[in-house]
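Spelled out, the chains give:
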Amino acid sequence: MSKIELNKRQEQIVEIVKENGPITGEQIAEQLHLTRATLRPDLAILTMSGYLDARPRVGYYYTGKTNTQVLTDELKKLKVKDHQSIPIVVSVNVSVYDAICTMFLEDVGTLFVVDDKSYLVGVLSRKDLLRTSIGKQELTTIPVNIIMTRMPNITVCRQEDLILDVAHVLIDKQIDALPVVKDTDQGLEVIGRITKTNMTKILVSFGQE
Ligand code: ADP
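Here we summarise the structure given alongside this text. (Residues numbered from 1 in each chain as written. Predicted model: local features only at pLDDT ≥ 70, side-chain atom pairs only at ≥ 80, totals over all residues. Heavy atoms only, no water.)

1. Here's the deal with the sheet that holds strand β4 (residues 110-114)
- Strand order across the open sheet formed by four strands is β3-β4-β5-β6, with mixed pairing between neighbours. The open sheet terminates on both sides in strands that have one partner only, identified here as β3 (89-91) and β6 (149-150).
- As paired strands, β4 and strand β5 (residues 120-125) are joined by five bridges and run antiparallel to one another. Looking at β5, one finds that Val113 is bridged to Gly122.
- Seen against the sheet, helix α6 (residues 126-133) touches β5 and β6 and runs at an angle of roughly 70° to β5. (Pairing = 2+ DSSP bridges. Helix = DSSP H or I, 4+ residues; strand = E, 2+ residues; numbered from the N terminus. Contact = heavy atoms within 4.5 Å. Axes fitted to C-alpha atoms, helices over the stretch in contact; angles between N-to-C directions.)

What follows is the structure in structure tokens.
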């Protein structure tokens, strides 16, 4: 790697990338209050001389960092809002039988239970429903209300939360999914769902160049 003499602006770029990388050319330009076009020759020199490297869809990073560090930095930036799925909810008044049908029809492993005003009141997992099914009860007459995990014991997340933090919570609490909620004065509005499947998709996307 040939180290060349850098001008002041190039040194500034290296510092920015060291601190914030991986970072896009656009973002570097923004920090320097310059246009992307103005920076292009400097970025070309810095990558050709080996100070910086660039990855498609990731951006520039300082080559003093290992590949793992680059991936870790990228992982730490992921937010719930960019990876969440659509939540499947049932009313607190439906029967266990109806909840089982919804789970099959919607092809999900976790249902969120909401009250008349659509606020979060409970969670139903596959095993919650299975446990009730092996009893000798009439499933069409038992409301989900009596078998669900209920507030305030529900673990939730919010759109701005980091994916890595959510992944830790899923592991620590040994659960498959978290509702993504929006806080309102009256209660928690369910606006999404983050599951182990979302985590697997992220892992796969990191495996693709
Ligand atoms: P399963 O029970 O089908 O393996 P989970 O591991 O997700 O699925 O659920 C385990 C237990 O934790 C269930 O009783 C379920 O109601 C409860 N649970 C699931 N998700 C949450 C959550 N986000 N917050 C609180 N409890 C949950």
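2. A word on the site of the ligand
- Taken together, 15 residues surround the ligand, and among them Ser125, Asp128, Thr149, Thr155 and Asp176 come closest.
- Within the contact set of the ligand, an oxygen atom lies 3.3 Å away from a backbone nitrogen or oxygen of Arg126.
- Between an oxygen atom of the ligand and a side-chain N or O atom of Asp128, the distance comes to 2.4 Å.
- Computed on the free molecule, the ligand has an accessible area of 540 Å², of which 83% lies beneath the protein chains in the complex.
- Secondary structure elements with two or more residues in the shell around the ligand: β5, α6 and β7 (177-183).
- Its residues assigned to classes, the shell around the ligand comprises six nonpolar, five polar and four charged. (Near = heavy atom within 4 Å. Polar contact = N/O pair within 3.5 Å; in protein donor to acceptor, adjacent residues only side chain to side chain. Areas by Shrake-Rupley, 256 points an atom, 1.4 Å probe, with all protein chains shown as cover. Nonpolar A, V, L, I, M, F, W, Y, C, P; charged D, E, K, R; others polar.)

3. Observations regarding helix α8 (residues 196-207)
- For α8, which comprises 12 residues, the first-to-last C-alpha distance of 17 Å matches the rise-based estimate of 16 Å (1.5 Å per residue) to within 8%.
- Every buried residue of α8 is accounted for by Asn198, Met199 and Ile202. In an axial view of α8, the angular spread of the buried residues amounts to 100°, which keeps them on one side of the axis. Exposed residues lying more than 90 degrees from the buried face of α8 are Lys201, Leu203 and Gly207. (Expected span 1.5 Å × (residues − 1). Buried < 20%, exposed > 50% of the residue type's maximum accessible area, 1.4 Å probe, protein only. Arc of directions from axis to C-beta.)

4. Some thoughts on the pattern of salt bridges
- Counted according to the given criterion, the structure contains nine salt bridges.
- The partner of Asp176 in a salt bridge is Arg126, with the nearest N and O atoms 3.6 Å apart. Here Asp176 is found in the loop between α7 (163-173) and β7, whereas its partner Arg126 is found in helix α6, with 50 residues between them in sequence.
- The shortest N-O distance in the salt bridge between Arg158 and Asp183 comes to 2.6 Å. One end of the pair, Arg158, is in the loop between β6 and α7; the other, Asp183, is in strand β7, with 25 residues separating them in the sequence.
- A cluster of three or more residues bridged by salt bridges with shared partners is formed by Lys79, Lys81 and Glu160. (Salt bridge = Lys/Arg side-chain N within 4 Å of Asp/Glu carboxyl O.)

5. What to know about helix α2 (residues 25-32)
- All of the buried residues in α2 are Gly25, Ile28, Ala29 and Leu32. Taken around the axis of α2, the buried residues stretch over an arc of 100°, which confines them to a single face.
- Looking at the buried side of α2, the elements it contacts are α1 (8-20), α3 (36-48) and β2 (59-62).
- Positive backbone phi, at 55°, marks His33, one or two positions downstream of α2.

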